Amino acid sequence: MVVDGSTDEAVDDLFHALADATRRDIVRRCVRDELSVSRLADAYPMSFAAVQKHVAVLERAGLVTKQRRGREQLVRTDLDAVRRARQALDELEATWRGRVDRMARLLAEDPGPAADTTTQGRNT
């Protein structure tokens, strides 16, 4: 699947990053505010290093950007990346809706074996 010029690998990275509840929460928190990694770490029952790793996964996927300001690294959600994720989901939905619609039409056209009465009641 190609979304907005993104490769399959980039889309895979995007959804891998979003597959974790902590990373999704970090994305949500950093939409509202630009937060330092240390402030993010205060919000979770895990080590600072673990939160840094989550942020690194999000950064590799392009979902967040980090900017150094003094001694702090500030994390901000990249809204364009969130839009790409939404677009990928919309494309998947359209593909599957089209497939389901085609199957429904095929099933409606084909009465199937239950309607075949020519051989019912005959001993063959």
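Quick note: structure is the one above.
Cut-offs applied
Residues numbered from 1 in each chain as written. Predicted model: local features only at pLDDT ≥ 70, side-chain atom pairs only at ≥ 80, totals over all residues. Heavy atoms only, no water. Helix = DSSP H or I, 4+ residues; strand = E, 2+ residues; numbered from the N terminus. Buried < 20%, exposed > 50% of the residue type's maximum accessible area, 1.4 Å probe, protein only. Contact = heavy atoms within 4.5 Å. Axes fitted to C-alpha atoms, helices over the stretch in contact; angles between N-to-C directions. Parallel < 35°, antiparallel > 145°, perpendicular 65-115°, else oblique. Nonpolar A, V, L, I, M, F, W, Y, C, P; charged D, E, K, R; others polar. Salt bridge = Lys/Arg side-chain N within 4 Å of Asp/Glu carboxyl O. Pairing = 2+ DSSP bridges.

S.K.: Go over the overall build of the protein, please, and point to the residues and values.
M.R.: Helix and strand content of the protein: five helices and three strands. The order of α-helices and β-strands along the protein, N terminus first, is α-α-β-α-α-β-β-α. Each of the 124 residues in the protein was classed as buried or not, and the buried ones make up 26%. When contacts within the protein are restricted to residue pairs at least 6 apart in sequence, those whose partners lie at least 24 apart make up 55%.

S.K.: If you had to explain the packing of helix α2 (residues 21-32) against helix α4 (residues 48-60) to someone new, which residues and values would you point to?
M.R.: Interhelical geometry of α2 versus α4 gives an angle of 70° and a closest axis separation of 10 Å. As the angle between them shows, α2 and α4 are arranged roughly perpendicular. Contact with α2, carried on its side by T22, R23, I26 and V27, involves H54, V55, V57 and L58 of α4 and no other residues of that element.

S.K.: Describe the packing of helix α1 (residues 8-18) against helix α5 (residues 79-109), listing the residues and the values that go with them.
M.R.: The N-to-C vectors of α1 and α5 enclose an angle of 100°; their axes lie 10 Å apart at closest approach. By the angle class used here, α1 and α5 are roughly perpendicular. From α1, V11, L14, F15 and L18 reach across to α5, where they touch A81, R84, A85, A88 and L89. Residue composition of the contact of α1 with α5, by class: eight nonpolar, no polar and one charged.

S.K.: Can you lay out the pattern of salt bridges for me, pointing to particular residues and giving the numbers?
M.R.: On inspection of all chains with the given rule, the structure shows eight salt bridges. Among the salt bridges present, the one from E59 reaches K66, with a minimum N-O distance of 3.6 Å. A salt bridge links R86 to D90; the nearest nitrogen and oxygen atoms lie 3.0 Å apart. Residue R86 and its partner D90 are located together in helix α5, separated by four residues, close to a single helical turn.

S.K.: So what's going on with the environment of Y44? Which residues, and what values?
M.R.: Note that Y44 resides in the loop between α3 (37-42) and α4. In this structure, Y44 is in contact with T22, D25, I26, R29 and V51, ignoring residues within four places of it in sequence.

S.K.: Can you lay out the sheet that holds strand β1 (residues 35-36) for me, pointing to particular residues and giving the numbers?
M.R.: An order of β1-β3-β2 is seen for the three strands of this open sheet, with the pairing classed as antiparallel. On the outer flanks of this sheet lie β1 and β2 (64-69), each paired with one strand and no other. Pairing analysis gives six bridges linking β2 to strand β3 (residues 72-77), with the strands arranged antiparallel. Among the inter-strand pairings, V64 is bridged to a residue of β3, identified as T77. Along the sheet face, α2 touches β1, β2 and β3 and points at about 95° away from the line of β3.

S.K.: Provide a residue-level description of the environment of D78, including the pertinent values.
M.R.: With respect to the helices, strands and loops of the structure, D78 is situated in the loop between β3 and α5. When the C-alpha positions of D78 and T65 are compared, they lie 6.6 Å apart, and in sequence the two are 13 residues distant. Apart from the residues lying within four places of it in its own chain, the contact partners of D78 are G62, L63 and V64.

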